[in-house]
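Single-letter residue listing:
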Amino acid sequence: MTNKRSLLPPTSTAQELAAEQAMSRIADIPIDLNATLWNPMICPPYQLPFMGWGLSIDAWDENWPLAVRRQRVASALDIQRRKGTVKAVRDVVSSFGGSMVLREWWQTSPRGAPYTFDIIITVGGSFGAMPASYIDEIIAEVARTKPVRSHFTFTQALTARADIGVYAAARASIYRRLACTVPAAVGPDRLFQNGENGAWYDPSDLSTLFQDAEGTIPVTEAGQVVGLMRDKSGRGNHAMQSAAASKPIYGIEPATGVRNLLTNTEFPNGLNGAPSRAGLLSPSVMDGFDGAIAFGYDGATGTYAYKFGTIPIDATYTFSVFVRMDDGLAPVFSSVSPAGPGNDFYLVARTTGTSPTTYAVTPMGDGTYRVSCTLALTTGGGNFGVVKYAGNTPRTFKVTGYQAELGAVATPYQRAKTKYDVAEAGVPSNSYVAFDGVDDALVTNVVDFTTTDKVSIFSGIRKLANENTAIYLEFGSNFNNPGSFYIATSLSTRYSFNSRSNDMGTAAAANVVGPVDTSVIAALASISGDVATIRRNGQAVTSTNDKGTGNFGSYALNIGRRANGTIPFLGNLYGLIILDQFASEPDVAFAEAWMATKTGVSF
């Protein structure tokens, strides 16, 4: 080894010169600070407290969920830059895994005291019920981040998830300048505690979902059909579907959204998990995954295992897999050519790839490594997989955990059993009912709204396409029915709310959105008050023209398409509340905050 030129004075001792030479080689050790050690989303968990200290995070608790600790570090710079702003307060709440609705004093009716604001925050979800100390930490961080002159009212909304035989509960607390009181009701049931008519559907509560319309076969896992969705309001307005082909499907996804664009990303069924495969393959296992496949080597046979996925064209994306070499060492990639003798294997996306020397190899512990590559794709769809050429090294290995995602970074892995069953470790899951845009629908028996001329609707939805018109909720079988209403998406990429009295119809349309959009949509109407409002993520559009006279009617609620037959909706429903009242501003804020947590949006 050639010693580097010394910078020490000639009078230095031999020991000092030797120490200098030893220390100078530290710079030769390859450490990818930006991609690994200084990336809070993929760095080892023990590194996070040091990153948090370096970014001036004021409070830290190793008992926080790992996803919260990572997000607290990831958002620290933006929060520090924007302290004293509404954006910073939103970022603080989001970093703790919560959803928030914030209204400043000038946005309330009547106006509040100057320099005050109200926030309603929902935390918990599949993290489980959070202790009071966790809520106190959120309050303290909001207090440190808000404008110094401002004071706030804090409300914690309910978030609870229950599976078969397991029931979750939480306590809601209202903090007025940090003085605590407890309301009588803790969830959307508070909207029905005075005898209000309507319905409340919550796909995250599996005890309310059944595969048959009679309610005898419970939904127990993602990917199963939904023939009955029970009403949680206590009014018995259950939504049903008896036709097998028209039943929507229950699904789950991470609250932060789906990034992995592949499905069936592991190998629970052995080699069948690779629809396209050849060569020296055998079923295997890897700790922490649901199955793997083993790659053999004989010096003559090429071996590959592909999965299928669809990637938007003309985009940069990252493809990654988890591997464990049979000799326990890290995989190596030193040949530019895919079939070169310096490579253990080659990553293929569609029919293209990039030089193996550019691969990122990240140790995950216990001999497992994540190997990823970033490249541009100009055609959509195709194969994503691993190839071992006969000319590659003779080292053998196991592989699983395929992930393809937009962007230039391999983000935390999302396991996808099917397109309806996607999960991420340490991240709460949101539940939904998926409608296919063809014939899926749920329908109630007749609901009597003839005693009221007011209605309030709160929903969490994801629309997956632009359509001429797609109705995801309608009261009645046709808009010509007096006393009917519906909410639809349209080709103009708007959400529209239409209600009809005895003698005229009226409509209000929300702001333009993209063809794929996830939102909390609220709609409120008062015929006698000449008001029709639709709200998308808290932003309202209101029509105040003459709404005519009369009350709403007595019809079935149709969810997913009109009259169980036409104008179908393609997308997901995360929750739905319908109320025969014009909801007060606090109730609107509460219902939207609750629905935001179920839907995975913040506003």
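One structure accompanies this document, and this report is about it. (Residues numbered from 1 in each chain as written. Predicted model: local features only at pLDDT ≥ 70, side-chain atom pairs only at ≥ 80, totals over all residues. Heavy atoms only, no water.)

**Regarding the overall build of the protein chain**
Inference 1: What the protein chain contains, in helices and strands, is eight helices and 34 strands.
Inference 2: For the protein chain, the proportion of its 603 residues judged to be buried stands at 51%.
Inference 3: Counted over contacts in the protein chain with a minimum sequence separation of 6, partners at least 24 positions apart contribute 67%.
Inference 4: Within the structure as shown, the protein chain displays about 25600 Å² of accessible surface, and the carbon and sulfur contribution to it stands at 54%. (Helix = DSSP H or I, 4+ residues; strand = E, 2+ residues; numbered from the N terminus. Buried < 20%, exposed > 50% of the residue type's maximum accessible area, 1.4 Å probe, protein only. Contact = heavy atoms within 4.5 Å. Areas by Shrake-Rupley, 256 points an atom, 1.4 Å probe, with all protein chains shown as cover.)

**Structural notes on the sheet that holds strand β15 (residues 315-325)**
Inference 1: In spatial order, the strands read β12-β13-β20-β15-β18-β17; together these six strands make up an open sheet with antiparallel pairing. Each end of this open sheet is capped by a strand with a single partner; those strands are β12 (281-284) and β17 (360-365). Strand after strand, the sheet turns through a mean of 35° between neighbouring axes, direction not considered.
Inference 2: In the sheet, β12 pairs with strand β13 (residues 292-295) via four bridges, with the strands oriented antiparallel. Looking across to β13, one finds that S284 is bridged to A292. (Pairing = 2+ DSSP bridges. Axes fitted to C-alpha atoms, helices over the stretch in contact; angles between N-to-C directions.)

**Quick notes on the sheet that holds strand β11 (residues 276-278)**
Inference 1: Strand order in this open sheet of four strands is β11-β14-β19-β16, and the pairing throughout is antiparallel. Looking at which strands have only one partner, the edges of the open sheet turn out to be β11 and β16 (346-349). For this sheet the average axis-to-axis angle between neighbouring strands, irrespective of direction, equals 15°.

**What about the side chain of T444?**
Inference 1: Counting through the fold element by element, T444 comes out in strand β24 (residues 442-448).
Inference 2: From its side chain, T444 meets the backbone nitrogen of L557 in a polar contact 2.9 Å long.
Inference 3: In this view, T444 contacts Y201, N237, H238, A239, A556 and L557; residues no more than four positions away in its chain are not counted. (Polar contact = N/O pair within 3.5 Å; in protein donor to acceptor, adjacent residues only side chain to side chain.)

**Brief notes about the packing of aromatic side chains**
Inference 1: Per the stated rule, a full pass over the model turns up 20 aromatic pairs.
Inference 2: Ring geometry for F289 and F322: centres 5.2 Å apart, planes at 45°, overall tilted. One end of the pair, F289, is in the loop between β12 and β13; the other, F322, is in strand β15, and 33 residues separate them in sequence.
Inference 3: On the basis of relative accessible area, F322 is assigned to the buried category, the value being 5%.
Inference 4: Ring geometry for Y472 against F569: centres 5.6 Å apart, planes inclined by 50°, an arrangement best described as tilted. Residue Y472 is found in strand β26 (residues 469-475), and its partner F569 is found in the loop between β33 (554-559) and β34 (570-579); the two are separated by 97 residues along the sequence.
Inference 5: Note on Y472: relative accessible area 2%, which makes it buried.
Inference 6: Here F569 falls in the buried class, since its relative accessible area comes to 1%.
Inference 7: Pairwise contacts between aromatic rings join F267, Y317, F319, F384 and Y402 into one cluster. (Phe/Tyr/Trp six-rings, centres within 6.5 Å; stacked < 30°, edge-to-face > 60°.)

**A few points about helix α8 (residues 585-599)**
Inference 1: For α8, spanning 15 residues, the distance from its first C-alpha to its last is 21 Å, which sits close to the expected 21 Å at 1.5 Å a residue.
Inference 2: Taken across its 15 residues, α8 has twelve buried, putting it largely inside the fold.
Inference 3: Within α8 the residues assigned to the buried category are V588, A589, F590, A591, E592, A593, W594, M595, A596, T597, K598 and T599.
Inference 4: Following α8 by one or two positions, G600 adopts a phi angle in the positive range, close to 85°. (Expected span 1.5 Å × (residues − 1).)

**Re the pattern of salt bridges**
Inference 1: The full count for this structure, using the stated rule, is 15 salt bridges.
Inference 2: With its nearest N and O atoms 3.2 Å apart, the salt bridge here joins R259 to E424. Here the residue R259 occupies a position in the loop between β10 (249-254) and β11, and E424 occupies one in strand β22 (residues 421-424), the gap between them amounting to 165 residues.
Inference 3: The partly exposed category is assigned to R259, whose relative accessible area is 22%.
Inference 4: A salt bridge links E474 to R562; the shortest N-O distance between them is 2.8 Å. Taken together, the positions of E474 in strand β26 and R562 in the loop between β33 and β34 put the pair 88 residues apart, joining distant regions of the chain. (Salt bridge = Lys/Arg side-chain N within 4 Å of Asp/Glu carboxyl O.)

**Quick word on the nonpolar core**
Inference 1: Of all hydrophobic cores here, the largest spans 43 residues; its most connected members are I457, F485, F497 and I559.
Inference 2: In this structure, F485 is in contact with F449, V455, I457, L473, E474, F475, F497, N498, S499, F552 and I578, ignoring residues within four places of it in sequence.
Inference 3: Listed in part, the 32 residues of the second largest apolar core include F333, A349, Y402 and A404. (Core = buried A, V, L, I, M, F, W, Y, C linked by side-chain atoms within 4.5 Å.)

**Quick notes on unusual backbone geometry**
Inference 1: Even without being a glycine, S56 presents a positive backbone phi close to 65°.
Inference 2: Residue position: S56 is located in the loop between α3 (48-54) and α4 (66-74).
Inference 3: Since its relative accessible area comes to 43%, S56 is described here as partly exposed.
Inference 4: Phi at I567 takes a positive value of approximately 50°, unusual for a residue other than glycine.
Inference 5: Residue placement: I567 occurs in the loop between β33 and β34.

**Some details on the pairing of β26**
Inference 1: Burial runs high along β26: six of the seven residues are buried.
Inference 2: The pairing of β26 with strand β27 (residues 485-490) spans six bridges and is antiparallel. Within the sheet, the bridge partner assigned to F475 lies in β27 and is F485.
Inference 3: Where β26 lies against β33, three bridges are found, and the strand directions are antiparallel. When the bridges of β33 are listed, E474 appears paired with N558.

**Details of the environment of G215**
Inference 1: With respect to the helices, strands and loops of the structure, G215 is situated in the loop between β7 (209-210) and β8 (228-229).
Inference 2: For G215, a relative accessible area of 19% gives the class buried.
Inference 3: Distance in space between the C-alpha atoms of G215 and M240 is 9.3 Å, their sequence separation being 25 residues.
Inference 4: Apart from the residues lying within four places of it in its own chain, the contact partners of G215 are F210, L228 and R230.

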